[in-house]
Amino acid sequence: MSKEQSIFIKNIYYMLSYAFTTLRPTDQDKIATEPFENIHDLFAAILAKGIGRQLKQGLYREYINRKEDLPYLRGKIDLPGTIQNKISRKQRLTCEFDELSENNLLNQVLKTTVMILLRHAEVAVEYKNDLKKEMLFFSRVDEIEPSTIPWSAIYFRRNNQSYRVLLSICQLVLEGLLLTTDDGEYKLASFVDDQRMSRLYEKFILAYYTREHPELKARAAQIPWALDDGVGTFLPVMQSDIMLESMSGETVLIIDAKYYTHTLAAGRFDARTLHSANLYQIFTYVKNKDKAMGEGAHSVSGMLLYARTDEELQPDNIYQMSGNKISVRTLDLNREFAEIAKQLDDIAAEHFGNDAGR
């Protein structure tokens, strides 16, 4: 494994730490400093630590409705079942009752994810051993079919908030790394796909500025269309990835975070150009936001912030477009995290000056 790959895998952990605010690097220094061989080891280590911490608090339990034939009354009698027992000369009552159980969806998702990691050949033995020990406490929890998990129906309450990060990691593993083979068995892909990494990259940048630059207002804000007559029927919503704003409200930077395998698109005669749709989009965001801020003194800039690839050509340009600055930059994720943080801090300092101090 190359040093660059090890650094990148470690940085995925840091990105997760910012994206999921309860998973902080300071909580798990051992994970943050380990040289992981592959992405599967990283997720196995995070789950092993997180599940171990959850076991100390106790597994989440909820009331599950059950129906069972019993020699005594429990809950309420199910008449059809009890009558059938009488016909069959069984001295049993069919009872319906609620039972407080750990065999619920949250724990089922955890167990299913862990069992897939345990069956994966590339997960290191040390992480498998930790997970195997923890699974002893899940003996009454069922595995479920990953494709049937109703992610959108999972809700977190005060008594199960500690599962939020664990379930987010499980979803990243099961949706982002899961492939189906012809024989119906599951296996894990070798890496996170671009779509999932793109979402994580975007969420990380917003979370970084929110946490590390409280002197700025960081949000993923919608931008209104500058309409002459106010009629916007069928117009799409302009949803920014990251909008940074000074506390005075006079300076705004709109960032569009882009994670692509290829930063530049192929143009005519093998020329390399920026992705036209990206440039049109950020320009539209900036001009409409500029118009919405009115006639007073203000500044609105835009930036396309690409994750740096290993391609020879990398964009690093500033364009002045109709009175607004549009920048195109790359963020190198194959550096030590302190250097990544500096790249992001420098962007804030460049656009907000003394207002962006850490």
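None of these values were measured; they are calculated from a predicted model.

## Some points on the overall build of the protein chain
1) Next: Counting its regular elements, the protein chain contains ten helices and 15 strands.
2) Next: Across the 358 residues that make up the protein chain, the buried fraction comes to 47%.
3) Next: Taking contacts inside the protein chain between residues at least 6 apart in sequence as the whole, the part at least 24 apart equals 68%.
4) Next: Accessible surface, the protein chain as shown: approximately 19,400 Å² in total, 49% of it carbon and sulfur.

## What to know about the pairing of strand 10 (residues 251-258)
Two faces, one strand: in a regular strand the side chains alternate between the faces of the sheet.
1) Next: Within strand 10, seven of the eight residues are buried, which leaves it mostly tucked inside the rest of the structure.
2) Next: Relative to strand 10, strand 9 (residues 242-246) is paired through four bridges, and the arrangement is antiparallel. Bridge pairing links Ile242 to Ile255 in strand 10.
3) Next: In sequence, strand 9 turns back onto strand 10 through a hairpin of four residues, with Gly249 there showing a positive phi of about 80°.
4) Next: The sheet contact formed by strand 10 and strand 13 (residues 299-307) spans eight bridges and is parallel. What sits directly across from Val252, in strand 13, is Val300.

## Regarding the nonpolar core
1) Next: Judged by nonpolar contacts, the single largest core of 75 residues is most densely connected at Tyr201, Phe204 and Ile205.
2) Next: Val252, Ile254, Leu264 and Leu274 belong to the second-largest nonpolar core, a separate cluster that totals 17 residues.

## Topic: the packing of helix 3 (residues 39-57) against helix 6 (residues 125-135)
1) Next: At a closest axis distance of 9 Å, the pairing of helix 3 and helix 6 adopts a crossing angle of 30°. Of the two possible hands of crossing, helix 3 and helix 6 adopt the one that is left-handed. Residues Asp41, Ala44, Ala45, Leu47, Ala48, Ile51, Gly52 and Leu55 of helix 3 touch helix 6, and the partners they reach there are Tyr127, Asp130, Leu131, Glu134 and Met135.
2) Next: The class makeup of the residues in the contact of helix 3 with helix 6 is nine nonpolar, one polar and three charged.

## Concerning the sheet that holds strand 10
The strands that make up a sheet are held in pairs by hydrogen bonds between backbone atoms, and each pair lies either parallel or antiparallel.
1) Next: Read from one edge of the open sheet, six strands run 6-9-10-13-15-14, paired in mixed fashion. Only two strands of the sheet have a single neighbouring strand rather than two, namely strand 6 (216-219) and strand 14 (317-321). Neighbour-to-neighbour, the strand axes of the sheet open up by a mean angle of 20°, direction not taken into account.
2) Next: Of the strand pairs in this sheet, strand 13 and strand 15 (residues 324-331) are connected by six bridges, and their pairing is parallel.

## Focus: the sheet that holds strand 2 (residues 76-77)
1) Next: The strand order across the open sheet built from three strands is 1-3-2, with neighbouring strands paired in antiparallel fashion. With partners counted over all chains shown, the strands left at the sheet margins are strand 1 (62-70) and strand 2, one partner each.
2) Next: Across two bridges, the pairing between strand 2 and strand 3 (residues 93-101) is antiparallel. By the bridge assignment for strand 3, Ile77 is matched with Cys95.
3) Next: Packed onto the sheet, helix 4 (residues 79-87) meets strand 1, strand 2 and strand 3 and runs at close to 130° relative to strand 3.

## Examining the side chain of Ser327
1) Next: Relative to the helices and strands, Ser327 resides in strand 15.
2) Next: In contact with Ser327, other than residues within four places in its own chain, are Gly302, Met303, Leu304, Asn317, Ile318 and His351.

## Quick notes on helix 9 (residues 276-292)
1) Next: In this model, helix 9 (17 residues) spans 24 Å end to end at C-alpha, consistent with the 24 Å of a helix rising 1.5 Å per residue.
2) Next: Residues of helix 9 that are buried include every one of Asn278, Leu279, Ile282, Tyr285, Val286, Asn288, Lys289 and Asp290, and no others.
3) Next: Looking one or two residues beyond helix 9, the residue adopting positive phi is Gly294, at roughly 80°.

## Focus on the environment of Cys170
1) Next: Turning to its location among the elements, Cys170 is positioned in helix 7 (residues 164-176).
2) Next: You can call Cys170 buried: its relative accessible area is 0%.
3) Next: Beyond its immediate chain neighbours, meaning those up to four positions away, Cys170 contacts Leu47, Val109, Leu110, Thr113 and Trp151.

## Focus on the environment of Phe8
1) Next: Considering the arrangement of structural elements, one finds Phe8 in helix 1 (residues 3-19).
2) Next: Through-space distance from the C-alpha of Phe8 to that of Asn38 is 10.0 Å; in sequence the pair is 30 residues apart.

Conventions used here
- Residues numbered from 1 in each chain as written.
- Predicted model: local features only at pLDDT ≥ 70, side-chain atom pairs only at ≥ 80, totals over all residues.
- Heavy atoms only, no water.
- Helix = DSSP H or I, 4+ residues; strand = E, 2+ residues; numbered from the N terminus.
- Buried < 20%, exposed > 50% of the residue type's maximum accessible area, 1.4 Å probe, protein only.
- Contact = heavy atoms within 4.5 Å.
- Areas by Shrake-Rupley, 256 points an atom, 1.4 Å probe, with all protein chains shown as cover.
- Pairing = 2+ DSSP bridges.
- Core = buried A, V, L, I, M, F, W, Y, C linked by side-chain atoms within 4.5 Å.
- Axes fitted to C-alpha atoms, helices over the stretch in contact; angles between N-to-C directions.
- Left-handed = near helix turned anticlockwise from the far one by under 90°.
- Nonpolar A, V, L, I, M, F, W, Y, C, P; charged D, E, K, R; others polar.
- Expected span 1.5 Å × (residues − 1).

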